[in-house]
Amino acid sequence: MGKGYAEGPAAEERFAELERAERGSSLGVEPGRPAVFGSTDDDPERHFLGWVGEVDPDELFATGKAWGLKVVRVRET
């Protein structure tokens, strides 16, 4: 039996994202900081939820507080 979103398109995208980050690091490109984006009841449009480490995307998904989650590396300004 599967483990929910840990399989399928979401997992494949996450692994591809990790590979892109590794390639970027080896090329001397600053990979940025991982940020969590998703939708909530208050704002159904995808928006910034917080930085990985400050918010836990697995917990947000498991509790139903957010959905459509995506972790994206962005540069802090």
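Relevant structure appears above.
These figures come from a predicted structure and were not determined experimentally. Within each chain, residue numbers correspond to sequence positions counted from 1 in written order. Per-residue local features are limited, in this predicted model, to residues with pLDDT of at least 70; the limit for side-chain atom pairs, both in listing and counting, is 80 or more; totals at the level of whole chains, interfaces and linings are taken over all residues. Working from all heavy atoms in the structure, the side-chain values ignore hydrogens and water.

Undergrad: Help me get a handle on the packing of aromatic side chains, residues and values and all.
TA: To pair, rings of Phe, Tyr and Trp, with the six-membered ring standing in for Trp, must have centres within 6.5 Å; the planes then decide the type, stacked if under 30 degrees apart, edge-to-face if over 60, and tilted in the middle. Per the stated rule, a full pass over the model turns up two aromatic pairs. Centroid distance F37 to F48: 5.7 Å. Interplanar angle 70°. Geometry classified as edge-to-face. Highlighted residues: F37 in strand β1 (residues 33–39) and F48 in strand β2 (residues 47–51), separated in sequence by 11 residues. Residue classification places F37 among the partly exposed positions, given a relative accessible area of 22%. Residue classification places F48 among the partly exposed residues on the basis of a relative accessible area of 38%. Relative to W51, the ring of F48 has its centre 5.3 Å away and its plane inclined at 70°; by these criteria the two rings are edge-to-face. Burial classification: accessible surface area is computed with a 1.4 Å probe over protein chains only, and a residue below 20% of its type maximum counts as buried, one above 50% as exposed, and the rest as partly exposed. A relative accessible area of 15% places W51 in the buried class. Starting at the N terminus, helices and strands are each numbered in turn, a helix being any DSSP run of H or I of at least four residues and a strand any DSSP run of E of at least two.

As far as function goes, none of this settles anything; it's purely spatial.
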